[in-house]
Amino acid sequence: MQDGQRRVDYVLVYQYKKANRKGISTRHRGSIGSRQQEPEADPPLQPSDFPEDDKRMRRDEFELNLLESGLELESDEETKAYGLGFVKIHAPWHVLCREAEFLKIKMPTKRVYEVKQKTGILSKISKIGHKMASPLRPKVEEDDSEFKNLSYPFSREKKHLFDLSDKDNFFTTTTRSTIVYEILKRATCTRAKYSMGITSLIASGVYTAAYPLHDGHYSGDPTEQNDRKLLYKEWARYAIFYKFQPLDLIRKYFGEKIALYFAWLGVYTLLLIPASIVGIIVFLYGCATVDQNIPSMEMCDERANITMCPLCDKTCSYWKLSTTCATARASHLFDNPATVFYSIFMALWAAMFLEHWKRCQMRLIYKWDLAGFEEEEERLKDHPRPEYEAKVLNKVLKKELQTKEEKSAEGVEEQPNKWKNRVWSAMAGVKLTEKEKLTWRDRTPAYMTNIVAVLFMIGLTFAIVFGVIIYRISIAAAIAVSPDPYAKANVRVIVTSTAVIINLVVILILDEVYGSIARWLTIIETPKTDKSFEEKLIFKAFLLKFVNAYSSIFYVAFFKGRFAGRPGKYTYIFRHMRMEECAPGGCLMELCIQLSIIMLGKQLIQNNIFEIGVPKLKKLIRYIKAKREAKLETDNNFKAPRQYETDYNLEPFAGLTPEYMEMIIQFGFVTLFVASFPLAPLFALLNNVIEIRLDAKKFTSELRRPDATKAKDIGIWYDIIRGIGKLAVIINAFVISFTSGFIPRLVFMYLYSPNNTLHGFTNNTLSYFNVSHFEQGSEPLEPMALGYKIEICRYKDYREPPWSSDAYDLSKEFWSVLAARLAFVIIFQNLVMFMSDFVDWMIPDIPKEISERMSKEKSLLVDLFLKEEQTKMHIVDVLSSQEKERTEENIDDGPKENEEKPVANCTDGVDSSRSQLINAGSEVI
């Protein structure tokens, strides 16, 4: 503040016109005592036809209410920023104490207890591991001491329990800003016509921003240390990508909610290491055994002289199976027996990841004193949003107006003053939500809009996938008539790669569009609380982005080639375009290409363009704009920008939903189709190592400081991750069974092979077709393209040959393979689900030592209050005995009962308060 002593806990920013500067109040609100004279000095608030004056009067009224709540304010319009005014807010000690008690903020007490350490061989292993990991630890103060302070919700009546020797630092900067923000949210402004404060005023443009200040600059003089600079040095630099995250410092600076996100991201990234190692082993196994793979060797054997049927009508001709040799060999890298093991491993890995995160989360809850957070969470859950209250207010006013019109129609005139008072009482911020609320009738239009919009967006996604299918069919037919032999030989790779790139661009564009649409749909739905708003927004955004990211992958995995038909009876789109088929080696290789390009493209483009490029571009635009506007100021008014001005030029914090969403979609790529792309965890690991430092740099240097928010878990995201883990088991079972060639190979080897080997497997999967049975107009225009006349061609299917009595009907092998596939899905799904649930049951959610420490804290806290009550009782007894002695000296005669009564009453009261405090201590822990 201007006195150089009081710290700025929060800043409000507003815009004004330079022409109106003389009419704007520039009074100094530096002390509480000065606020007694301000209401008399200012003119009374009157409605105004001028928006700027109206906004000024709203600000004046709101700031007077803040002064009434005990906050200290200073206005500053003589800044470097052109046309911007800043209101600096300081919370004095008595306000901090009052609000900390009201918000039940836990603070460390003077009572310290020794944390039980591991003993024996576990202690030695822990010490060795700690020493080995010391180079990976950031150079910040860690809270790993053997002693811990008991924590208890702050109470002004129990100040003696807390160490108040340093009042300036007793409440951290995050706690101070949280307290001020709570006051700003509940402060009223009658001219704003809402019962809530700062959120409504920002939405209506009265203020343009509200934020807590950063501790200082993240770079500069190394001798001047602050938490922001330390975080940037030990957390946000890419050069220290190998180090652990300073979670305690993150929590101290940004709050528990953001710290939990980075803790979850760190655990997820760490556990990707074993998944990546196993995936690399599986891939190397495929590379080592590719030369021993009998099916691919048979496809590459030119001596077999297997002639395949045309891939399209008229323009495509017959072709040799040996031309797909490279694709067949590449398919074996991902379609081998090891992928089944890897799918089971990844399903168990997902279960282990969730269990490990729950245990880590409980450690953080204990360490950060979040065990009693449920009460505050319930309080915040019922706190209505300003948009909800505004809609309820509009509903009440419409009802009042309708009542007035009805009475006027009946000839009963309502008194004008009564109507005016009723309207102004509603506009004065009266809590209308207790009696009035939005019913299902009020919400029906929004619900219908949500349903129609979501279905339309999903239909649009499917339409785009269908359009890409048309593109693939058209390009394949065009390449078939191309004179380029290289293009003809690699038609499938060219078509697949170009189609996936197009699909990737569309996915990236729709991701941004769907995010905005999901927020708009949630806004018009008008949820009552912030928690409900966040959950509804996450559900809509996840549903749309999930469909957008995976629809094309689902098509290749489960639908491509299933409905193509057979030669002589193909399935057509628009009467002349044949449905595309899988390669003779299966669609797994194409699925791998699709998955890898989309996954890597999303990570690279979103990280480099959306997360790095766009914020830097916005920052550059704001800098150029501020520099241009600063030229309009005179040299006399020129000042160096202060911290609150510098922070205003940073990007506002938009919440953690985009960060979580990106990682959840990546988690789906890692688990849902891992059977087709074992290297997905490796690429996810490499991306996340960069992502952690990228997000850290963004939070410390690119964004305004977020409001510190408490949270005891990651919320609805945990349920989404758990659901993806369950879905991954089912999808991988179907991928292995229906997309890969694993089941057909097993069925052939054990039922149809004469020597229980895969020799002859390729021939077994190819059916025969008599070229004379082509539909008229669909036969190749160049039947002699291979240099000889073709009478019989082959195609991939299990059907009877043309010389059979049931020509082209599904053969017995088809039904045997189908039965085996369904049986594998059932067995695989139930086996992996059982193993996952067994892992869940075997690993307790709460570590044993944490459970023991929490129980010990509870016992110590109860003992602390018992001793305090015993001390109070002793004091009461001493005072009672002294009073009794004085009474006996002054009064010789008198009934003894009357003298003992006050003592008995005091004792009863102490006993009652003692039992209440014991129960309160138990509930708090």
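Above this note sits the structure.
As the structure is a computational prediction, the values presented were derived from the model and not from experiment. Residue positions are given per chain, counting from 1 as you read along its sequence in written order. Side-chain atom pairs in this predicted model are given and counted only at pLDDT of 80 or more, local residue features only at pLDDT of at least 70, and totals for whole chains, interfaces and linings cover all residues. With hydrogens and water set aside, each side-chain value is computed from the structure's full complement of heavy atoms.

1. Notes on the overall build of the protein chain
Point 1. Each helix is a run of H or I in the DSSP string that is no shorter than four residues. Each strand is a run of E no shorter than two, and both are numbered from the N terminus. Of regular secondary structure, the protein chain possesses 30 helices and 14 strands.
Point 2. Here's how the labels work: a residue is buried when its accessible area is under 20% of the maximum for its type, exposed when over 50%, partly exposed in between, all with a 1.4 Å probe on protein chains only. In the protein chain, which comprises 925 residues, the share counted as buried stands at 48%.
Point 3. Each accessible area is a Shrake-Rupley result for a 1.4 Å probe, and residues are judged covered by the shown protein chains and nothing else. Working note: accessible area of the protein chain is about 46300 Å², and carbon and sulfur atoms make up 59% of it.

2. Comments concerning the nonpolar core
Within soluble globular proteins, side chains that are nonpolar tend to cluster in buried spots.
Point 1. Joining through side-chain atoms within 4.5 Å is the link that ties buried Ala, Val, Leu, Ile, Met, Phe, Trp, Tyr and Cys residues into a set, and such a set is a nonpolar core. By size, the foremost hydrophobic cluster in this structure holds 129 residues, and its most contacted members are W264, Y268, W349 and F673.
Point 2. In what follows, a contact means two residues having at least one pair of non-hydrogen atoms within 4.5 Å. With sequence-adjacent residues up to four places away left out, W264 is seen in contact with F353, W357, Y660, M663, I664, I714 and I721.
Point 3. By size, the runner-up hydrophobic cluster in this structure holds 41 residues, among which are L66, F162, I183 and V206.

3. Comments concerning the side chain of N687
Point 1. Inspection of the secondary structure puts N687 in helix α24 (residues 680–702).
Point 2. For N687, the side chain forms a polar contact with the side chain of N688, separated by 3.1 Å. Pairing of N or O atoms within 3.5 Å defines a polar contact, subject to two protein rules: one partner must be a possible hydrogen donor and the other a possible acceptor, and residues neighboring in sequence count only if both atoms are side-chain atoms.

4. So, the sheet that holds strand β3 (residues 84–90)
Point 1. A sheet is described by the order of its strands in space; here four strands give the open sequence β2-β3-β1-β6, paired in antiparallel fashion. Of all the strands in the sheet, the pair left with one neighbour each is β2 (72–76) and β6 (209–211). Pairs of neighbouring strands in the sheet enclose a mean axial angle of 15 degrees, with direction left out of account.
Point 2. Here, strands pair whenever DSSP counts at least two bridges between them. Two elements, strand β1 (residues 10–15) and β6, share three bridges in a ladder whose sense is antiparallel. Counted as the bridge partner of V13 is A209 from β6.
Point 3. Across the face of the sheet, helix α2 (residues 51–68) comes into contact with β1, β2 and β3 while running at roughly 165 degrees to β1.
Point 4. Orientation is described by axes fitted as lines to C-alpha atoms, over the contacting stretch for helices, and by angles from 0 to 180 degrees between their N-to-C directions. Where helix α6 (residues 173–186) meets the sheet, it contacts β1 and β3, and its direction lies at approximately 45 degrees from that of β1.

5. Re the environment of S155
Point 1. Following the sequence through the fold, S155 ends up in the loop between β5 (147–153) and α5 (167–170).
Point 2. Here S155 is in contact with E101 and F162, once residues within four sequence places are set aside.

6. So, the pattern of salt bridges
Any two side chains of opposite charge can pair, given that their charged atoms come close.
Point 1. The salt bridge criterion pairs a side-chain nitrogen of Lys or Arg with a carboxyl oxygen of Asp or Glu, the two atoms within 4 Å. Under the counting rule described, the total for this entry stands at 34 salt bridges.
Point 2. Notably, a salt bridge pairs D695 with K698, separated by 3.8 Å at the nearest N-O pair. Of the two residues, D695 and K698 are both situated in helix α24; the distance of three residues between them amounts to about one turn of the helix.
Point 3. A relative accessible area of 0% places D695 in the buried class.
Point 4. Between K726 and D837 there is a salt bridge, with the nearest N and O atoms lying 3.2 Å from each other. A residue pair is termed long-range when its members are at least 10 positions apart, and K726 in helix α25 (residues 716–739) and D837 in helix α28 (residues 812–842) qualify at 111 residues.
Point 5. The partly exposed category is assigned to K726, whose relative accessible area is 29%.
Point 6. For D837, a relative accessible area of 41% corresponds to the partly exposed category.
Point 7. Connected through salt bridges with shared partners, the residues D3, R6, E72, E74 and K88 form a single ionic network.

7. Comments concerning a nonpolar patch on the surface
Point 1. A grouping of L617, L620, I621, Y623 and I624 is seen on the molecular surface, where their side chains present a nonpolar patch of about 520 Å² in accessible area.
Point 2. The residue L617 is located in helix α21 (residues 588–630) in this model. Like-charged residues are merged into a patch within 9 Å and nonpolar side chains (Val, Leu, Ile, Met, Phe, Trp, Tyr) within 5 Å, provided each residue has over 30% relative accessible area and no salt bridge.

8. Description of the packing of helix α10 (residues 256–288) against helix α12 (residues 325–334)
Axes are the key here: two packed helices are described by the angle between their axes and the distance separating the axes.
Point 1. Direction vectors running N to C along α10 and α12 enclose 145 degrees, while the axes themselves pass 7 Å from each other. Considering only the axes of α10 and α12, their crossing is right-handed. Along the contact surface, α10 presents F283, G286 and C287, while α12 presents H332, L333 and F334. We call a crossing left-handed when the near helix sits turned anticlockwise from the far one by less than a right angle, and right-handed when that turn is clockwise.

9. Description of the packing of helix α8 (residues 227–234) against α24
Point 1. Orientation of α8 relative to α24, taken along the N-to-C sense of each, is 160 degrees, at an axis distance of 10 Å. Taken as axis vectors, α8 and α24 run roughly antiparallel relative to one another. Our pair here, α8 against α24, has a crossing hand that is left-handed. Of the residues in α24, those in contact with R228, L231, Y232 and E234 of α8 are R693, K697, T700 and S701.
Point 2. The residue classification treats Ala, Val, Leu, Ile, Met, Phe, Trp, Tyr, Cys and Pro as nonpolar and Asp, Glu, Lys and Arg as charged. All others, Gly included, are polar. Class assignment for the residues of the contact of α8 with α24 results in two nonpolar, two polar and four charged. Angle categories are assigned with fixed cut-offs, so that under 35 degrees is roughly parallel, over 145 is roughly antiparallel, 65 to 115 is roughly perpendicular, and the rest are oblique.

10. Here we look at helix α9 (residues 247–254)
Point 1. Looking only at α9, the buried set comprises L249, I250, Y253 and F254. Viewed along the axis of α9, the buried residues span an arc of 105 degrees, placing them on a single side of the element.
Point 2. Structurally, α9 contributes buried residues whose contacts are with α6, α8, α10 and α24.
Point 3. G255 sits one or two positions beyond α9 and adopts a positive phi of about 100 degrees. Each C-beta atom gives one direction from the helix axis, and the arc is the one those directions make.

11. Considerations on the packing of aromatic side chains
Point 1. Side-chain rings of Phe, Tyr and Trp (the six-membered ring for Trp) are treated as a pair once their centres are within 6.5 Å; stacked means planes under 30 degrees apart, edge-to-face means over 60, and tilted covers the remaining angles. In total, this model carries 52 aromatic pairs according to the counting rule given.
Point 2. With a centroid separation of 5.5 Å and 45 degrees between ring planes, the pair formed by F542 and F546 is classed as tilted. In this pair, F542 and F546 both sit in helix α20 (residues 530–559), four residues apart, roughly one turn of the helix. Taken individually, F542 and F546 each receive the classification buried, so the pair is uniform in this respect.
Point 3. Geometrically, the ring pair formed by F558 and F734 is edge-to-face, given 6.5 Å between the ring centres and 90 degrees between the ring planes. Placement of the pair is F558 in helix α20 and F734 in helix α25, with a sequence separation of 176 residues.
Point 4. By definition, being over a ring means that NZ of Lys or CZ of Arg is both within 6 Å of the ring centre and within 35 degrees of the ring normal. Geometry around Y253 places R705 over its ring, the cationic atom sitting 3.8 Å from the centre.
Point 5. Looking at R794, its charged tip hangs above the ring of Y768, at a distance of 3.8 Å from the centre.

12. Things to note about the pairing of β2
Point 1. For β2, the buried fraction is high: five of the five residues fall into the buried class.
Point 2. Neither face of β2 is exposed, since E72, E74 and D76 on one face and L73 and S75 on the opposite face are all buried.
Point 3. Bridging between β2 and β3 involves five bridges; their strand directions are antiparallel. Of the residues in β3, the one forming a bridge with E72 is H90.

13. As for unusual backbone geometry
Point 1. We note that D369 has phi near 55 degrees; this positive angle belongs to a residue other than glycine.
Point 2. Overall, the relative accessible area of 21% leaves D369 in the partly exposed class.
Point 3. The backbone of Y808 shows a phi angle near 70 degrees, a positive value even though the residue is not glycine.
Point 4. Since its relative accessible area comes to 8%, Y808 is described here as buried.

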